[in-house]
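Tertiary structure, described
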Amino acid sequence: MASVTYHHIQKKFGDLTIIKDLNIEVQDKEFLVLVGPSGCGKTTALRLLAGLEEITGGEITIGDRVVNDVAPKDRDIAMVFQSYALYPHLSVFDNMAFGLKLRKTPKEEIKRRVNEAAEILGIVELLDRKPRQLSGGQRQRVAVGRAIVREPKVFLFDEPLSNLDAKLRVQMRAEISKLHQRLKTTFIYVTHDQTEAMTMATRIAVINKGDLQQLDTPQNLYDHPNNLFVAGFIGSPAMNFFPAKIVKTGDKFIVDTGDFQVQIPASRVGAYKDSVGKDVVLGLRPENIHDPEFAPQNISAQSVVAKVDVTELMGNETLLYLVSGKNSFVARVDPRSKLRVGNSPQMVFDMDNFHIFDAVTEKAIR
């Protein structure tokens, strides 16, 4: 059993509170990603689980055992760090075997585990090399292999791909996901890169300023963010936000930003009747704002005049940076779009996929 539970965890450094009251249940064999901006407390949460930091308050359990006072070496976890932390004078084989030798594991068992891990990671031909003879991606594989040979209950990853170039990061993301499927062990992975989180996780815990904002599957986080922070953090480019008020005109409910107005579809007005007259924030993702020439059929379309400020032609898509009055926003449109800088089209807002947040509490109104 390799479940992990953070129960009312607090961490302070002097008068500075890093983690306020963290409650997370990580299921057996789950791939949980802790994500958030730098300084939010995600790495500290990982280090508390590893035993590298002392808990200020609360309990951490691995399986059925409370590990608050258990030494790191006895917690049956293995950690992969941002830096590879390989011994430069040792071969790849000896780097991977180092921890097992300290535990006085029999030589034949060490050889079996190292060769098996090297086979999984595709680094068998590198076992006799020194770290200086390896590329960044190969060194990261060795660091992961050193963790695999431990055969731990829980793998901990602390931003392991941040030192790699973009192409190698994509490749290693896939490798780590395949590794999780193969080992069928609990993975807890820390990153500030929401793309890594979305592509790898079973569930994502979004953390900000030491508080858990939302814990859910990647798709639910994307489709149903609980608040402005989660909505803006998950997704690239980020969700567009428009300060506004909800007003009622006859039997119509309108979101009025001051520069433009869009109507709420009749099927969704029920959730917003109590918000008429209140300050709100309208949220709309870039892919839900369309070039009028290529707007999908059968959507609740609302037209908004905006000026094209910048274009980014990506090949498979085009990003338009637009301005409407005081509002700046981004649209992800069809790559065939002919819109260019200086054009002022009537952009199509898909009001089947909008979000409304309370401007004061920043919580989603549903």
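Residues numbered from 1 in each chain as written. Predicted model: local features only at pLDDT ≥ 70, side-chain atom pairs only at ≥ 80, totals over all residues. Heavy atoms only, no water.

Points about the overall build of the chain
- Check the secondary structure of the chain and you find eight helices and 21 strands.
- The C-alpha extent of the chain, read off along each of the three principal axes, is 80 × 45 × 35 Å.
- Going through the 366 residues of the chain one by one, you find that 49% of them count as buried.
- At a minimum sequence separation of 6, the contacts of the chain that also span at least 24 residues come to 67%.
- Looking at the chain as shown, the accessible area adds up to about 17400 Å², and 48% of this sits on carbon and sulfur atoms.
- Of note, the chain has its 47 positive side-chain charges centred 4 Å away from the centre of its 45 negative side-chain charges. (Helix = DSSP H or I, 4+ residues; strand = E, 2+ residues; numbered from the N terminus. Buried < 20%, exposed > 50% of the residue type's maximum accessible area, 1.4 Å probe, protein only. Contact = heavy atoms within 4.5 Å. Areas by Shrake-Rupley, 256 points an atom, 1.4 Å probe, with all protein chains shown as cover. Lys, Arg positive; Asp, Glu negative; His and termini not counted. Charge placed at Lys NZ, Arg CZ, Asp CG, Glu CD.)

Observations regarding unusual backbone geometry
- Look at the link from serine 236 to proline 237: it is a cis peptide, with omega at -5°.
- As for its position among the elements, proline 237 is in the loop between α8 (228–233) and β11 (240–249).
- Phi at glutamate 159 takes a positive value of approximately 45°, unusual for a residue other than glycine.
- Tracing the backbone shows glutamate 159 in the loop between β7 (154–158) and α5 (166–183).

Comments concerning the nonpolar core
- Counting residues in hydrophobic clusters, the biggest one holds 47 residues, and the most contacted among them are Met96, Phe157, Ile176 and Tyr189.
- Here this core takes six residues from helix α3 (residues 107–121), the largest share from any one element.
- Each residue touching isoleucine 176, except ones within four places of it in the same chain, is listed here: Phe31, Phe157, Pro160, Leu161, Phe187, Tyr189 and Met200.
- In terms of nonpolar packing, the next biggest core, distinct from the first, is built from 30 residues, Val67, Met79, Val190 and Ile207 among them. (Core = buried A, V, L, I, M, F, W, Y, C linked by side-chain atoms within 4.5 Å.)

Remarks on the pattern of salt bridges
- Tallying each qualifying case throughout the model produces 18 salt bridges.
- Linking aspartate 334 and arginine 336 is a salt bridge whose minimum nitrogen-to-oxygen distance equals 2.9 Å.
- Overall, the relative accessible area of 56% leaves arginine 336 in the exposed class.
- Counted as one network, the salt bridges with shared partners bring together Glu109, Arg112, Arg113, Glu116 and Glu151. (Salt bridge = Lys/Arg side-chain N within 4 Å of Asp/Glu carboxyl O.)

Some thoughts on helix α2 (residues 92–102)
- For α2, the complete set of buried residues consists of Val92, Asn95, Met96, Ala97, Gly99 and Leu100.
- Phi turns positive, to about 60°, at lysine 104, one or two residues after α2.

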